[in-house]
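# Coordinate inspection notes
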Amino acid sequence: MKMSRQRIVAGNWKMNKTYEEGRALVKDIVGQLQPSEILVVLCPPFLHLNSISGQIKDVRSLKLGAQNCHQEGAGAYTGEVSAAMLQSVGVEYVILGHSERREYFGETDELIAKKIDATLKEGLRPIYCCGEKLDVREAGGHLDLVAAQIKTALFHLSAADFEKVVIAYEPVWAIGTGKTATSQQAQEMHVHIRSLIASKYDQQVAGLTSILYGGSCNPSNAKELFSQPDVDGGLIGGASLKAGDFVAIVNSF
Ligand code: 13P
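These numbers were taken from a predicted model, which means no experiment stands behind them.

What counts, and where the lines are drawn
- Residues numbered from 1 in each chain as written.
- Predicted model: local features only at pLDDT ≥ 70, side-chain atom pairs only at ≥ 80, totals over all residues.
- Heavy atoms only, no water.
- Helix = DSSP H or I, 4+ residues; strand = E, 2+ residues; numbered from the N terminus.
- Expected span 1.5 Å × (residues − 1).
- Buried < 20%, exposed > 50% of the residue type's maximum accessible area, 1.4 Å probe, protein only.
- Near = heavy atom within 4 Å.
- Polar contact = N/O pair within 3.5 Å; in protein donor to acceptor, adjacent residues only side chain to side chain.
- Nonpolar A, V, L, I, M, F, W, Y, C, P; charged D, E, K, R; others polar.
- Core = buried A, V, L, I, M, F, W, Y, C linked by side-chain atoms within 4.5 Å.
- Contact = heavy atoms within 4.5 Å.
- 1 Å grid on protein atoms, 1.4 Å probe; cavity = no way out; pocket = protein on both sides within 12 Å on 5 of 7 lines; lining within 4 Å.
- Points joined across faces, edges and corners; volume = space filled by probe spheres on them.
- Salt bridge = Lys/Arg side-chain N within 4 Å of Asp/Glu carboxyl O.
- Axes fitted to C-alpha atoms, helices over the stretch in contact; angles between N-to-C directions.
- Parallel < 35°, antiparallel > 145°, perpendicular 65-115°, else oblique.
- Left-handed = near helix turned anticlockwise from the far one by under 90°.

### So, helix α9 (residues 183–200)
A rise of 1.5 Å per residue sets the reference length of α9, with its 18 residues, at 26 Å; its end C-alpha atoms lie 26 Å apart and thus fit the reference within 8%. Taken as a whole, α9 has its buried residues at S183, A186, Q187, M189, H190, H192, I193, R194, L196, I197 and A198.

If you want it as structure tokens, here you go:
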């Protein structure tokens, strides 16, 4: 079943790279990336999207993603960016529900559900992030917590809409800490997520959903993580800021 799912490596630059640094990074990635069936999604800050869209337009395996969008279509929301604006510069994916948005910007799964709807309405594909904090894992509550996140943010969707969603499991304790989940921990959670999807929708929808792992993924551990049957790729933070490391992760399949 794994082979029929889209394998994806997405780079979440977070709040890094000036305009010129961003262009240079993309130039290096384009230069090093070999043609393959792996979909590579670059998710820079909003500022970069329009220019990077031009830089990657002829590279079939490279797609553009944003790191957030507003839930409303337009209006008096100072400082915000809508899904339609993203779509208008060639964005195809939007990271939603990242743990940093939850932690520092108070985003809840109820709000994230609205953002999911806003992106789908514009034909964009959400990359929905879920994952537990360390205390929840230590108390053994990680499977239930991730199930609750997914139910609240995603299970109002029709099967047709759900099929456009990519899921990223990012245990909060593994993000930016150098402490990666073991491949067994990732696989266990990914199987759990897939079975939840199967019970809400069906086996086919579950089998076709790409589920990525994120959290201190790097060129040394990517191969082991990606070898797990239910790990369909990665959402990469720190290691996506260096072309050599990022491309090495893409080549880890
Ligand atoms: P790191 O790869 O830096 O741990 O970040 C992961 C992440 O948050 C990607 O969205």
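### Thoughts on the site of the ligand
As a matter of local geometry, the ligand sits amid N12, K14, H98, E170, A174, I175, G176, G215, S216, L235, G237 and G238. G176 has a polar backbone atom sitting 2.6 Å from an oxygen atom of the ligand. Within the backbone of G238, one N or O atom sits 2.8 Å away from an oxygen atom of the ligand. Of the residues contributing to the shell around the ligand, the split by class is three nonpolar, seven polar and two charged.

### A closer look at the nonpolar core
One finds L154, I167 and I193 to be the most contacted residues of the largest nonpolar core, which totals 66 residues. Take this core: its biggest share by element is six residues, from α9. Core analysis: the second largest hydrophobic core is formed by 13 residues, A10, I95, I127 and L212 among them.

### Quick word on the side chain of S210
Among the secondary structure elements, S210 is positioned in the loop between α10 (203–208) and β7 (211–214). Here the side chain of S210 touches Q6 through a polar contact of 2.6 Å, landing on its backbone oxygen. Ignoring any residue separated from it by four or fewer positions in sequence, one finds S210 in contact with R5, Q6, I8, V166, I167 and D232.

### Section: the layout of surface pockets
Of the volumes computed, that of the largest pocket is approximately 400 Å³. For the lining of the largest pocket, the leading source of residues is helix α4 (residues 99–105), giving four residues. What the second largest pocket holds in volume is close to 310 Å³. For the second largest pocket, the lining is made up of 19 residues, of which S99, R102, E103, K133 and V172 are closest to its centre. At the level of secondary structure, the elements contributing two or more residues to the lining of the second largest pocket comprise α4, β5 (125–130), α6 (134–138) and α7 (142–154). A per-element tally of the lining of the second largest pocket places α4 first, with five residues. Residues that form the lining of the second largest pocket fall into these classes: seven nonpolar, five polar and seven charged.

### Concerning the pattern of salt bridges
Tallied over the full model, the rule gives 13 salt bridges. As a salt-bridge pair, R5 and D232 come within 2.9 Å of each other at their nearest N and O atoms. Of the two residues, R5 sits in the segment before β1 (8–12) while D232 sits in the loop between α11 (222–226) and β8 (233–236), which places them 227 residues apart along the sequence. D232 shares its class with R5; the two are buried. Put simply, R102 and D109 hold a salt bridge, and the shortest N to O gap is 2.9 Å. Linked by salt bridges that have partners in common, R5, R194, D230 and D232 make up one network.

### Quick word on the packing of α7 against α9
Interaxial distance between α7 and α9 falls to 10 Å at its minimum, and their mutual angle equals 40 degrees. As summarised for this structure, α7 and α9 are arranged oblique, according to the angle between their axes. α7 and α9 meet at a crossing whose hand is right-handed. Contact residues: α7 offers H142, L143, V146, A147, I150 and K151, while α9 offers E188, M189, H192, I193 and L196.

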